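Reading the structure
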Amino acid sequence: MKRLAIFNIFVVCFIIVNGQNENSGWKGYVQPDYRVNMHDGKWLWNENRLSLQWDKKFEEKARFVTDIWFRTLGNPNDPAWLKLPEVREAKIEVYDFIIPKLDLTLGRQRMKWGTADKINPTDNINPHDLEDIWDFGRHKPSDALSLKYYPTEKTKMELVYAPFFQPIQMPAGVYSNLLMPEFSFPDSMSIRQKPGYPPLPLPSKVAIIVDTLTLTYQNPAFNINHSAYAFRFSQHIKGIDISASYHYGFDGIPVPSHAYITVDSMNLLQNRTYISVNTTLEYPKFHRIGLDFTTSVKGIGLWGEACLTIPDKNYLLKIHTPDLNQILGIDLGIVSEVPDSVIFKKNKPWTKFVIGADYTFENGIYVNMQYLHGFLHERTSKELNDYYLIRMEKRVLDEKIKLAPVSGGLVINDYKDVSNNYAWMWIPEFVYYPNDNTEIATGVKIIDGKGKGTFNSLKDLDEVYLRIKYSF
Amino acid sequence: MKPLNVLIISLLWAITSVAQNASEVLKKMDDAIYAPKDQSISIKMTVYDKNGKTSVREATTMQKGNNKRIFRFTSPASQAGIGILSLPDDVMYLYMPAYEKERRIASSAKNQGFAGTDFSYDDMESKSYAEKYDAISVKTEGNDYVLELKPKPTHKTDYTKLIITLGKDNYYPKKVQYFDKTNNQIKELNNSKIEKKGNYWVATVFEMKDLRKGTKTVMEFTSVKYDSGLSDDEFTVRKLTQK
């Protein structure tokens, strides 16, 4: 805490000193964000954010950009309420680096790929930042080196090297379990006897009940072999912007790789065994091939983006069973087995994609529609759900008010039984701009549905929110 | 030749020659507006709401010829850094610092207000009038020409007619009246402080009134630089995202 205070004082002094300099480019915003559960009045979210950005361009040769967040989040009585200052961006851009039209960016940065609106299946270099699950498209910054080369006015080539692995930021607070992958452990263990032992009347399978589950995260070693690489080629052809990309690196969501079972109690006669499982989680590595386009046809904005994900190897969950003979204290030649579970197969890639369109009508109503196959955390073809999203908005009263009465989406988890596997979200919003630098947004988020889908678990968390943003 | 035929031919000739004159005037007006090879301009925009309350926006813009323009807000803080790149063939990109990447703008958005002002994206576009409109007629009123334009079938716009008043001496527009489908005038642009700077005629104050809303925006050029030899590289997505 003392170090945090010293850092804050340092930053404030730095701002004051540099604020005197006309050439310095301090700016930023303050954003309080409050959400309350509509059903029981409990606070769901309390975030107060100060974003301080400093931007300095050195003629046309280089630019330095930094963005630091100072925040409080959650319950003020919780010691974790005051967050450490977070360097969201600290990078230097060097233009015409070595050769003309080659730009180098070095440092903590956000590399946004993809042309779709907010939900970009090809935007994979920076790990997802899902702390606030309603802030779609937010990613953690990555320490990286990126090169952009513009051989012609209509062509761009990008190369990224991100040396250090970072896991995704999982949702915080009341949303913390929302995107946790369901850990489906086998419900039985097969039992057999080795030949040569006196036969026992053993069941072929014993039901297992998981008492406790311990997760151990195994981060990739902090070395150069575990860096990520990415390449992108973009071209503007006949009114269409198209891109092709490739990314090789770790995925920020881990998968179970080993499960070590210890037996807490066992009753072979009742066919029931209580166990504890210590599971090791590893981060899978994927090849990702992306394609995207955007264009405008008869006034309609159109975009599409797809990402093919290929695991770099087969990912299996190996289950290590205990030696039951040792537990029983006598060697009866009993062998217990649980088959390995397949998590990802190298030859079973999957494709996430999004297609969307937007249009502004003559009366100023803006409509944005998207169809998304596969949400951020969904992996393997079986898991990919369909999301139909829509937003209609209009500015009124000299653009001082923005109304978005139709905003939300429909999620279909299983087309064979839609009535039991769906979710819908209605997120109408009212935004007031009392002056140029202030934005006051309020609205509700109402969710309902049936089945096991991710968003269904939010249906008890319908909320009313108020968010104020003041830019300076 | 029958009298009726003579009448029809005479009418056709008259209509054609009027249209031809109107087209010539339109061409000369475009030539006057887009005479500089390139321009670098600092802009102050004052937006007046219907109660007379004001808010100010500042921006810089660079233009090359009549089909490349890059526009960037420098204030207020909430809009500083927002940039718009207009390229030939109706290609427009928007860069928002908070969004951190460029985004194509669908051409349907071009008829909407530009960043809360009374100018639309279409009004701010660098395209010549002749590319978007056909000259229908021209008449003389004192020292001015009054030119009527109608949008070309290929040009999607909310305006069905433009009436432009321009000086006979310099062909520079003084006033533009915009009409909607019901032939009601919906907007009016008044250009003032028209003077010759170097080789070019230029207005430095532009007042756009939205007659439906009772609002107006006054755009003032606070500094103008012509023919500084801007390269095509200045009008690229690369430059747009470099801020």
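In this report, the structure presented in the accompanying data block is examined. Predicted model, so just to flag it, every value in this text is computed and none were measured.

With that settled, the discussion passes to the packing of aromatic side chains. For the structure on display, the rule yields 29 aromatic pairs over all chains. Both rings, one in Phe165 of chain A and one in Phe250 of chain A, keep their centres 5.4 Å apart while their planes meet at 70°; by these two values the pair is edge-to-face. Pair noted here: Phe165 of chain A is in the loop between strand 7 (155-162) and strand 8 (188-193) and Phe250 of chain A is in strand 11 (residues 240-250), with a separation of 85 residues, a long-range link. In terms of burial, Phe165 of chain A and Phe250 of chain A fall into one category: buried. Seen from their ring centres, Tyr315 of chain A and Phe344 of chain A are 6.1 Å apart, and the 75° between their planes marks the pair as edge-to-face. In this pair, Tyr315 of chain A sits in strand 16 (residues 315-320) while Phe344 of chain A sits in strand 18 (residues 341-344), placing the two residues 29 residues apart along the sequence. Residue Tyr315 of chain A shares its accessibility class with Phe344 of chain A, and that shared class is buried. An aromatic cluster of at least three residues, connected via ring pairs, comprises Trp134, Phe136, Phe375, Tyr387 and Phe455 of chain A. Positioned above the aromatic ring of Trp69 of chain A, the side-chain terminus of Arg49 of chain A is 3.9 Å from the ring centre. Its guanidinium or amino end placed over the ring of Tyr48 of chain B, Lys216 of chain B lies 4.8 Å from that ring's centre, counting from NZ or CZ.

As a further point, take the sheet that holds strand 16 of chain A. By definition, the strands of a sheet pair up through backbone hydrogen bonds, in either a parallel or an antiparallel sense. All names here are of chain A. Sheet architecture is open: seven strands sit in the order 17-8-9-13-12-16-18, paired in mixed fashion. The sheet is open, and its two edges are formed by strand 17 (334-337) and strand 18, each paired on a single side. Strand-to-strand twist in this sheet, taken as the mean axis angle between neighbours without regard to direction, amounts to 30°. The pairing of strand 9 (residues 205-218) with strand 13 (residues 272-282) spans 11 bridges and is parallel. Each bridged residue has a counterpart across the sheet, and for Val210 the counterpart in strand 13 is Ile275.

This part takes up the interface of chain A and chain B. With 50 residues of chain A in contact, the opposing surface of chain B contributes 37 residues. Of the roughly 3400 Å² buried at the junction of chain A and chain B (both faces included), carbon and sulfur atoms supply 38%. There are nine salt bridges connecting chain A and chain B. Residue Asp103 of chain A pairs with Arg238 of chain B through a salt bridge whose shortest N-O separation is 2.6 Å. Sorting the residues of the side of chain A that touches chain B by element identifies strand 2 (43-58), strand 5 (102-109), strand 11, strand 14 (285-297), strand 15 (300-311), strand 19 (350-360) and strand 20 (366-373) of chain A as the ones contributing at least two each. A class-by-class count of the residues in the side of chain A that touches chain B yields 13 nonpolar, 15 polar and 22 charged.

What follows covers the side chain of Glu378 of chain A. Residue and element names in this part refer to chain A. Mapping Glu378 onto the fold places it in the loop between strand 20 and strand 21 (386-396). Lys352 is the oppositely charged side chain nearest to the buried, salt-bridge-free Glu378, at an N-O distance of 6.5 Å. For Glu378, the side chain forms a polar contact with the main-chain nitrogen of Phe375, separated by 2.8 Å. Glu378 has contacts with Trp350, Lys352, Glu383, Leu384, Asn385 and Tyr387, leaving out every residue within four places of it along the chain.

Residue and element names in this part refer to chain A. As paired elements, strand 1 (residues 26-37) and strand 26 (residues 463-471) share seven bridges and run antiparallel to each other. Residue pairing in the sheet places Tyr34 in a bridge with Leu466 of strand 26. Relative to strand 26, strand 25 (residues 438-450) is paired through eight bridges, and the arrangement is antiparallel. Across the sheet, Thr442 pairs through a bridge with Leu466, a residue of strand 26.

Let's shift gears to the pattern of salt bridges. Residues and elements named next belong to chain A. Counted according to the given criterion, the structure contains 52 salt bridges over all chains. Note that Lys61 is salt-bridged to Glu59, the shortest N-O span being 3.6 Å. Just as Lys61 is exposed, Glu59 falls in that class too. Put simply, Glu429 and Arg391 hold a salt bridge, and the shortest N to O gap is 2.9 Å. With a gap of 38 residues between them, Glu429 in strand 24 (residues 429-435) and Arg391 in strand 21 connect regions that are remote in the sequence. A relative accessible area of 13% means that Glu429 is categorised as buried. Where salt bridges share partners, they join Glu47, Arg49, Arg71, Glu86, Arg88, Asp129, Glu131, Asp135 and Arg138 into one cluster.

Okay, unusual backbone geometry next. With omega at 5°, the peptide bond leading from Ser75 of chain B into Pro76 of chain B counts as cis. At Lys298 of chain A, a residue that is not glycine, the phi angle is positive and equals roughly 50°. Mapped onto the elements of the fold, Lys298 of chain A is located in the loop between strand 14 and strand 15. Non-glycine residue Glu100 of chain B carries a positive phi angle of around 65°. When you line up the elements, Glu100 of chain B lands in the loop between strand 5 (91-96) and strand 6 (101-104). Exposure remark for Glu100 of chain B: the relative accessible area of 29% places this residue in the partly exposed category.

So, about a nonpolar patch on the surface. All names here are of chain A. The grouping of Met157, Leu159, Phe231, Phe233, Tyr246 and Ile289 at the surface amounts to a nonpolar patch, some 490 Å² of accessible area in total. Every element with two or more residues in the nonpolar patch is listed here: strand 7 and strand 10 (228-237). Its place among the elements puts Met157 in strand 7. Residue classification places Met157 among the partly exposed residues on the basis of a relative accessible area of 30%.

Reading guide: rules and limits
- Residues numbered from 1 in each chain as written.
- Chains lettered and ligands numbered in written order.
- Predicted model: local features only at pLDDT ≥ 70, side-chain atom pairs only at ≥ 80, totals over all residues.
- Heavy atoms only, no water.
- Phe/Tyr/Trp six-rings, centres within 6.5 Å; stacked < 30°, edge-to-face > 60°.
- Helix = DSSP H or I, 4+ residues; strand = E, 2+ residues; numbered from the N terminus.
- Buried < 20%, exposed > 50% of the residue type's maximum accessible area, 1.4 Å probe, protein only.
- Lys NZ or Arg CZ within 6 Å of the ring centre and 35° of its normal.
- Pairing = 2+ DSSP bridges.
- Axes fitted to C-alpha atoms, helices over the stretch in contact; angles between N-to-C directions.
- Contact = heavy atoms within 4.5 Å.
- Buried area = accessible area lost by both parts, 1.4 Å probe.
- Salt bridge = Lys/Arg side-chain N within 4 Å of Asp/Glu carboxyl O.
- Nonpolar A, V, L, I, M, F, W, Y, C, P; charged D, E, K, R; others polar.
- Lys, Arg positive; Asp, Glu negative; His and termini not counted.
- Polar contact = N/O pair within 3.5 Å; in protein donor to acceptor, adjacent residues only side chain to side chain.
- Patch = residues over 30% accessible without salt bridge, like charges linked within 9 Å, V, L, I, M, F, W, Y side chains within 5 Å.
- Areas by Shrake-Rupley, 256 points an atom, 1.4 Å probe, with all protein chains shown as cover.

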